[in-house]
Each structure stands twice: as C-alpha cells, then as structure tokens.
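Listed here are the chains, written in short residue letters.
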Amino acid sequence: MTRSYFKPLLGCSLPALLAVLASHGAHAQSAPGKQSMQIQEIVITAEKKSENLQKAAISVDALRPSDIAKAGIKNAVDLQQLLPAVKFVTADEMTVSIRGLGTTDDNAGVDSAVAYSQDGIYLDHPEAMTPVLFDLARVEAVLGPQGTLYGRNSNAGAINFVTNNPVFKYAGEASIGIGNYGEVDSDAMINIPLSDELALRIAEGSQRHNAYDSAGTNSADNIAGRAKLLYKPNNDFSFLLDVDVSQQKVARGVAYDASCAPHNGLPGCAGTPYVPWSGLSPTPLSGHNSDYVFGVNGTLNYNMGWANLISLTGYKQYQFSSDSPAPWTGGVDSFDYLRQEVDRNITQEVRISNETGSRIQWVGGVYFSHEDQPGITHFNYWQNTILQFLSLAPNNYYEALGTTKEASDSQAVFADVTVPLIEGLNFNGGLRYTHETKTFAGFVGGGVWGVATFPNVPTANTETQSRVTWKAKLSYDITPQNMVYAQSSTGFKSGGVNNLPAAATGLLTYAPETILAYEIGSKNRFFDGRLQVNADAFHYDYHGYQTYLFYQPNSGPLVGSTLFPTVNSQTATFEGGELDVRARVTAVDTLGFNLQLLHDVFDKYIISLPNEGAAPLTPLVTNNSNTSVFLAPKATYSMSYEHDFIMPNEDILAVGADSTVVMSHLAQGIYYQQPTYHKTGAHISYETAESGWTVTAYIRNIENVAVINSIAGGFPVMSNIGENNVYIDPPRTFGFNVKKVF
C-alpha cells in the first residue's frame, strides 16, 4: 500500500510545518569540515545528456550555486563577473554576447545569437529569463555555435539555467540578505513528498535595491516564484510540471553627455569613480523597464528499454514595457520614448536517445516553436535634423512604429551520434534541418509638431528560410584524465522582416547570419585531480552580421522620418582562445586563473541605404570595414583565491578574493572606446557543520570604477552630435546574507 505524507500536513500551521521539515532534515546535513584534495567535479547537460564537465568535448563554463552565492549575485546580468567569455548588455531589452559575438539589435522580431534555456525549454528572448536567480542547480555557458543540438540562434553559444527538481524527502531552506544602496534580497524553498509517487517543490526569490546613481535611476525591484510537481510512479517513467511567474521593474539610467565616453580622443568619464554623469548633464536620460513573465512547462521522461524518450513542452508569455519620461515640450536634448510589447512563445521538443551504457551514443528528435510578438514604439525628440539644415526653427519630431503581428514559426529535425573508432578515439557528428517562416504586419506614422505630419503607412511582409546545419568532431582520450578534441560546425541566426513600407526598396527583409566555425581544445587533470588545465582555440568565418542603422529617407512617403531598419553587413572573423587553470594547492587552498584572448574584426562592413539622407549626419555609405567588433576586448585576465579555515567543530570559515582585468575595447560603433579597467571582489563565509546555517559577506567592484556596459549613439540632431546614451555597470556594492537549510 502506498504510504502517504499528505494527510499529516493538512491543516498544519507554518511553524508546525517548519518543525516537521527540521525534524526530517536536520540530521541529514553533511558535515562540511571534511576537505578533499581533488577539484570538485561538475555534471552538465550541455550536450542534451548528463556527463562530467571534464569528459565533455565541448567548451563549457559551469557555475555551482555556491559560486553564485559567495559572489553575492542575484540576477543574470551580474553573472558576467564569473563568466569571463560572456557579456550581458542591458541598454533596453537585455541581450547577451559570447566571445564578442551577440545581438544588440532589439527591433521587434530580431532574434538573439545566443540560445537561452531554462530546464531544457528554449526561451525566445532573454526577457523571458527569470530576473532573480534562486534554487539553482547550476548555470552552464556553452561557448561556440551549437547549430545541431540547439539549432537556430545559437551561433555564439547557449546559456542554460538548470533549477532544482522535487525530491522524495522533506527539505527546505530560506535566506535573506541586505547591502548598500538599500539592497534587500531573499529566497526560500520548501520540498514536500506528497506520497511515494508525488513530490512538490515551491521556491521564490527577490531582489530590491535603490538607485545606483545621483540621477535616481538604475534601481531594481524584482521578484519571482516557481512551483514544480513531480510524478514518478517508477524508475522508468516521470512527468514534471513546472509553473513560474516573475516581475521585473528596473529604473534604467544613462549618461546623456558627449564626455561620458571617449569620443575622438576625449578622456571622458569611463574608468573614473562612479556617478559618471554627475555635473556633466543636468537631466540624464532615464527610463523604467517593466517585465512580467508567466510560464508553464511539462517534461516527460520514459525509459523504453532500448531507448529513452523525453518530451519537453513549454509556454512562455512576457509583457515588456520601456519608457523614458522626458518632457514632450522643453529644452534642447528633450527626448521621450515608449516601447510596449507582448511575447507569447510555444515550444515542443521530442527526443529519443540511446539507453544508458550504450557503446554508441545517439540522440534524435524534432522541434517546433511558434512566437507572436505584437507591440508599439513611440519616440519624440527636440529639433529635427532636416529642418535645421533648412534653417527653420527647432521643432519636436515624433514617430510611431506599430507591430500588429510579428509571428515566427520554426520546425526542425535533428540527429547527433558519437561512435568509438579505436581505443580512446571517438567521432561525433550532428545534422539538423530547420524551416521557418516570419510574418510581419504593422504601420509607421509620425511628423513634425507644427510643421507637417504624414499618415500611418501600413507595412506587411513575409520571409521564409530553410537551412541545414552540421557538426563533425574528433576527440581522443590520451589518458582517463587527459583529452583533446577538434571540431568544425555550422550555424545560422534567423533573418527577419523590417517594419518598413514597400517604398523602402531593399530593406523589407534581412538575411540570416551564418557561421562556419573551427575549434580545438584540451581538458586535463593532473596530480590525482589537484590541478585542472583546460584550453581551447577557435576561428569563426561569419557572414551577414545583422545590425540596425539610423535611417532618414530623403524621398518617398516617409521622407524626413526616422527609421531603424535591421540590415546585413558582409563578412567578419571571430577568433581567439581560452586558458582556464584550477589548482587545489592544499586541502584548504584553491587557486584559479583564466585568460580570454579575442581578435574579432569586421572584414567587410559596407552598407548603402536607398533614399538616404545627406552627409555628414546620415552618410550615404556606412563603412566599418577592418574595424574591431564592439564588446570584444582583446584580452581578459581573471584570478581567484580561496582559503578554508577548518574550525575545531568542523565548521568552515572560507575567505576568498577575485580580480579581473579587461583590456580596452570598442563599446559600440567605431568611436566609443572603454579603456582598460580592473575590478576586484572579495567574500567571506561561515558554514556550520551540523545546524545548516551559512553566513556570507561580499563586496564587488572594490575600485568603484565606472565601466561602460553599452552605448547607443546620440540621435543625430544638431544639439546631440557626438552625444551618447551610455549605460554603466553597477558601482561598488557590498552586503551579507544569512541562509538556513532545514
């Protein structure tokens, strides 16, 4: 007869429930005082199967929950301090780049070059990611194109968030943290076995802090919750239902001044102490972003004996709103911006893979997704460029870009197989066929206050594309602890449709980005697992890089209007390498070193737009050939050290520090450069051996330097020439956290 845990919990008060958890879980705590001389192993699922990180012939950076907690990190954006190859860009809608390759174009329908997933469910845009990190099992950053297993929109790599699943035992934990800038964060989890076949896990996380700057912007108020129900009647079958909700409210702020970023040799504010725009601009551009996310997912696992079946069904909806509430009528540099959109995405993936222990490892499957993203963008700014050239008085220019329908459908079939050739030598190959259709309908309207207006012009178009992507890889186990691999692969990032009328000849659609990648790597452990040395080198041939340009047609129905079409450049080369070293010097001392090298260049970047405006504000030809790709520093160095003090009662006092040096690089375009900078962080934590308490204190960006996160060039009106919308990374932050595990 099935034993039930559910009845004793009915009508149980919260204190009584916590007492039950404590009684069931207190004696299960493992004593942390016993230290290992080996570097801890991490199991990942980056290749759609469970495997040891050191056995995976792929470049992956994986973070454990303890790594994230000790650094005081509560959101995805701050993960970049632990992932040297990854950059999170937060200008409007968040975007991500890996090894300098990413997407900063947030036009409707433009896809990311990085694939995001949560618990295996593909997320169409990073806004659908949980804004607070809580109850995590790990975070995986897969470096390099993943065009077969992940498919389209993974040219740069993938970011995988893996959360904890229910277990068949009582468990719980709760933590609260405080810090400067009014920081208050929390997370809590409760796990209840409802029966021998049902288990429930509920978790929540929150982060709130005041403005980081003197302008009253760059604050945050984020909260998220997740509930998972696991049905597992036997070891061969399970079904997991996952429901998550979140709300993100962020006050974005930018330094709206020419001297805030180096421009034509000006030193600017980058690299100086924080509050970068204090005294530079009386009214910095500021805005508020709101993001509401709801998702429900179902994961089915079935062991059929000869193979394993997994089905992943996902639904995500987010409502995004961004506004910059400057006056509609006012002085020079006045600007108003409003963007609202709703995104609904349905995904279905079914995979069949080899049974556990098979000599030949294989996986095959089908994938489907449907996305709909209607929205509207309004913007208004003081003084119209064309009128100024005609020596007319300043006026407010306004425009509305509406998206009544932006639908994207994608279907794919894929297969991946690993075959041992001789002892220690394996061949891995993958193939994927993708077919997708994008349909767009909307309008463009606007004018100049008091001078002229033009009616809403309808826009509509459809773009269809099909692609075959492949992968071929050889890996060789020199010893059980030493492995080398080499691979070549292809991928593509989806093309799309611009919100432009037919009169904008040649700009209605934009083509996909394509990549041909080569990579070699080696993973090694020496001295009985005390020293870990991983290295890789890569070369990408890139075609069709997508970017958006400022566009003012000088003829046609939209003459004088301000448009931002997405267009393709020609070719680019991304190449570089990584060296990652971890050493367990003693049982209580750990050293880390990471070196990232990049040489990312636009080989040919020449764009000419039809009906283009007059130079110099909007040149007839944009030529960025032979310039560096932005957000791609040539070198990034990171070092870390941690020492564990073992107390007589086997409690652990851990003290650590890390420092990162990032070489100068272009922040955006071809003019705006972020100088070389370094950031240092430190932490101290005390973990009890028996009672489940952990107390952690941390500090980040001890130098308190202002580091450019991203830049959008100033709107090309006479008063704004040379000015930039500059987004800055957080200043010095510190705080502490108290956690209790039941």
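Quick look at the structure, then. (Residues numbered from 1 in each chain as written. Predicted model: local features only at pLDDT ≥ 70, side-chain atom pairs only at ≥ 80, totals over all residues. Heavy atoms only, no water.)

What follows deals with the overall build of the protein. Looking only at helices and strands, the protein has 3 helices and 45 strands in total. Taken across its 742 residues, the protein has 54% of its residues classed as buried. Within the protein, counting contacts between residues at least 6 apart in sequence, those at least 24 apart form 67% of the total. For the protein, the exposed surface amounts to about 29300 Å²; the carbon and sulfur share of it is 62%. (Helix = DSSP H or I, 4+ residues; strand = E, 2+ residues; numbered from the N terminus. Buried < 20%, exposed > 50% of the residue type's maximum accessible area, 1.4 Å probe, protein only. Contact = heavy atoms within 4.5 Å. Areas by Shrake-Rupley, 256 points an atom, 1.4 Å probe, with all protein chains shown as cover.)

Right, let's talk about the packing of aromatic side chains for a bit. Think of a pair of aromatic rings as described by two things: how far the centres are apart, and how the planes are tilted against each other in angle. Inspection of every chain in the model, using the stated rule, returns 9 aromatic pairs. With a centroid separation of 5.0 Å and 80° between ring planes, the pair formed by Tyr-181 and Tyr-212 is classed as edge-to-face. Placement of the pair is Tyr-181 in the loop between strand S11 (171-179) and strand S12 (183-193) and Tyr-212 in the loop between strand S13 (198-209) and strand S14 (219-234), with a sequence separation of 31 residues. Taking relative accessible area as the criterion, Tyr-181 reaches 28% and is therefore assigned partly exposed. Overall, Tyr-212 belongs to the buried group, its relative accessible area being 10%. On the numbers, 4.8 Å between centres and 35° between planes, the contact of Phe-538 with Tyr-540 is tilted. An aromatic cluster of three or more residues is present, and its members are Tyr-542, Tyr-545, Phe-574, Phe-602 and Tyr-605. When the ring centre of Tyr-150 is taken as origin, the NZ or CZ atom of Lys-48, which lies over that ring, is 4.4 Å away. A cation sits over an aromatic face here: Arg-226 above Phe-134, 4.2 Å from the ring centre. (Phe/Tyr/Trp six-rings, centres within 6.5 Å; stacked < 30°, edge-to-face > 60°. Lys NZ or Arg CZ within 6 Å of the ring centre and 35° of its normal.)

In space, the 3 strands of this open sheet follow the order S4-S5-S6, with antiparallel pairing throughout. Only two strands of the sheet have a single partner each, and these edge strands are strand S4 (86-89) and strand S6 (101-102). Summarising the sheet, S4 and strand S5 (residues 95-98) pair through 4 bridges and their orientation is antiparallel. What sits directly across from Val-89, in S5, is Thr-95. (Pairing = 2+ DSSP bridges.)

A few words on the nonpolar core. The biggest cluster of nonpolar side chains holds 59 residues, and the ones touching the most others in it are Leu-79 and Phe-574. It is strand S9 (residues 136-143) that provides the largest number of residues to this core, a total of 4 residues. Apart from the residues within four sequence positions on either side, Leu-79 is in contact with Leu-63, Ile-68, Ile-73, Phe-88, Leu-133, Val-139 and Phe-161. (Core = buried A, V, L, I, M, F, W, Y, C linked by side-chain atoms within 4.5 Å.)

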